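Structure assessment
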Amino acid sequence: MGGATAWVRGSQWYPLPMLLVISTGVSGRAPAENVTDDQCLIWNERGHLSKRKGRKMKFLLLIAFIHFLPQCTGKPLSLDEHQHCHQQTFKEIKREIAGYSDIAKAIINLAVYGNAQNRSYERLARFVDAIGPRLSGSKNLEMAIKYMFSVLQEDSLENVHLEPVKVPHWERGEESAMMLAPRNHSIVILGLGSSVATPPEGITAEVLVVTSFDELHKRAQDAKGKIVVYNQPFISYEETVKYRLLGAVEAGKVGAVASLIRSVASFSINSPHTGWQQYQSDVPKIPTACISMEDAEMMARMSSRGTRIVVTLKMEAKTYPDTGSFNTVAEIVGSKYPEQIVLVSGHLDSWDVGQGAMDDGGGAFISWEALSLIKDLGLRPKRTLRLVLWTAEEAGGVGAEQYYQLHKGNISNFDIVMESDSGTFMPMGLAFTGSDKARAILKEIMQLLQPINVTNIYENGGETDTEYWVRDGVPGASLRDDISKYFWFHHTQGDTMTVQDPNQMNLCAAVWTVVSYVIADMEEMLPRN
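All of the points below concern the structure found in this document. (Residues numbered from 1 in each chain as written. Predicted model: local features only at pLDDT ≥ 70, side-chain atom pairs only at ≥ 80, totals over all residues. Heavy atoms only, no water.)

**Focus on the overall build of the protein**
- Within the protein one finds 18 helices and 21 strands.
- Per-residue burial over the protein gives 55% buried out of 529 residues.
- Considering only contacts in the protein between residues 6 or more positions apart, those separated by 24 or more positions represent 77%. (Helix = DSSP H or I, 4+ residues; strand = E, 2+ residues; numbered from the N terminus. Buried < 20%, exposed > 50% of the residue type's maximum accessible area, 1.4 Å probe, protein only. Contact = heavy atoms within 4.5 Å.)

Shown next, in the form of structure tokens:
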């Protein structure tokens, strides 16, 4: 025991600081020797057991022993703490979760059928109709943050505040693309985020159509001085988005003068889809934009027939110095463990087309709705429920990364981080990343949602803004809904309130609220690996 003193109880020895003692009249006989009721055992610093008389001394030393006992604080227990604090068995946890059945039903009834029905939809409609799209660094995003700061205060939420960050500022300006040969045809484009501009007169060049990076590099000699058009097939967003992200870089490596990328989408009505792209410092920066599936396929057909295609591309895109912005925060402060955090979130910024209602207005507003529903029911969970509306997610999770850097010193107090950023269509369940024990607990929590038949658990619960925490072991969850039409509207002019459905948003809000409240109110934090 390294020379430390110890308390003898039954047949177990407990290391204690200095000369802590306990009365055998309270704790039972020591195995080493008989001790009368008015005596107490001390394991002294010389390693010997000795008897001390006096009830007063026993009382004082008992107080000292209690002082040094570890305190149970609602966190998962360490190995040392297991000796002194009771950790719930899974059976006890299941019983605890089942006890939230009535609260879960009350949340569902209020969100889906009660006075809060359609509230998140109506709040979102007012917001996007008043503000419009909200690109990182724009005046619209600044107005959106001020708007949310005001309405969160009006909703009587606690600790409403703004946390400053620096974000990218890029503007697309005027842009156009015109096919000159084999015929005149106006190509609909959307410049990709961080793209450089063309010269004022534009770039006029022949087109090289390819279907993959491999084909591009095999035809590298043909690409020099041309506009590369990517007509890659859509496999999945995760697989296909690399062409949007790196298309300009790969084309620049082989001497192309610009790149046009088939929109990363499963369906199109001649609608280009924008998004962020990345340059590399050692590769020439060339202008880049996305085009519709229809135009990409048309040029591919023309090229396969040996037809020469010429296009003029004009873009006024400009990148400005990083500018100030804010993550927007509001809370319901915990009643028992206020320092511990259950975080619910969505991102407030959007692309500069459409209204940003789906991506990610819906996720941001069901996260606000979660706090509103809990407040309306007069509930206050044991842990703090924190709403964060991220800024500059579309620029690569910029606001969230700075939030993480600011708060990661408190990472042990983050119980779970949740973000909704894949639409608020018909909910199917939750995606989750965490320990097996935490997943088993979440499965039990999802059973509380049987009244609306949303009980499934999926893999990969991290999102762009929460992935920093999930990588460091904090459990992460994201809303899983029917995204069969999500990429029809993603990053397009079509991302408007017309995409949103009030009944589906009600159900999403109910799921988000039940899960976040129960986790915030359970006696113990979710176990980590």
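**Details of the sheet that holds strand β6 (residues 158–171)**
- Pairing within the open sheet is mixed, and its eight strands lie in the order β6-β15-β17-β16-β18-β21-β19-β20. Whereas interior strands pair on both sides, the edge strands pair on one side only; in this sheet they are β6 and β20 (456–458). Put simply, the sheet's adjacent strands are angled 25 degrees from each other on average, direction ignored.
- Alignment of strand β18 (residues 414–419) against strand β21 (residues 476–481), held across three bridges, turns out to be parallel. In the strand pairing of β21, M418 is matched with A477.
- The sheet contacts of helix α18 (residues 502–521) involve β16 (337–347), β17 (383–390), β18, β19 (427–433) and β21, and relative to β19 the element is tilted by about 35 degrees. (Pairing = 2+ DSSP bridges. Axes fitted to C-alpha atoms, helices over the stretch in contact; angles between N-to-C directions.)

**Concerning the sheet that holds strand β14 (residues 310–315)**
- Here eight strands make up an open sheet; going across it, the order is β8-β7-β14-β10-β11-β12-β13-β9 and the pairing mixed. Looking at the sheet topology across the chains shown, the edges are occupied by β8 (185–187) and β9 (189–191). Taking each pair of neighbouring strands and ignoring which way they run, the sheet shows an average axis angle of 30 degrees.
- Pairing of β9 with strand β13 (residues 288–291) involves three bridges; the strand directions are antiparallel. Within β13, the position partnered with I189 by the bridge is I291.

**Some remarks on the pairing of β18**
- Most of β18 sits inside the fold, with six of its six residues counted as buried.
- Bridge analysis of β16 against β18 gives five bridges, and the strand direction is parallel. By the bridge assignment for β18, I341 is matched with F414.

**A few points about the nonpolar core**
- Ranked by size, the top nonpolar core spans 73 residues in total, and within it F127, M148, L152, L430, I445 and V515 carry the most contacts.
- Take this core: its biggest share by element is 13 residues, from α18.
- Not counting chain neighbours up to four residues away, the residues in contact with I445 comprise I97, V515, V518, I519 and M522. (Core = buried A, V, L, I, M, F, W, Y, C linked by side-chain atoms within 4.5 Å.)

**Section: the side chain of S212**
- Within the fold, S212 resides in the loop between β10 (203–210) and α8 (213–218).
- At 3.1 Å, the side chain of S212 forms a polar contact with the backbone nitrogen of E215. (Polar contact = N/O pair within 3.5 Å; in protein donor to acceptor, adjacent residues only side chain to side chain.)

These values are about where atoms sit, not about what they do.
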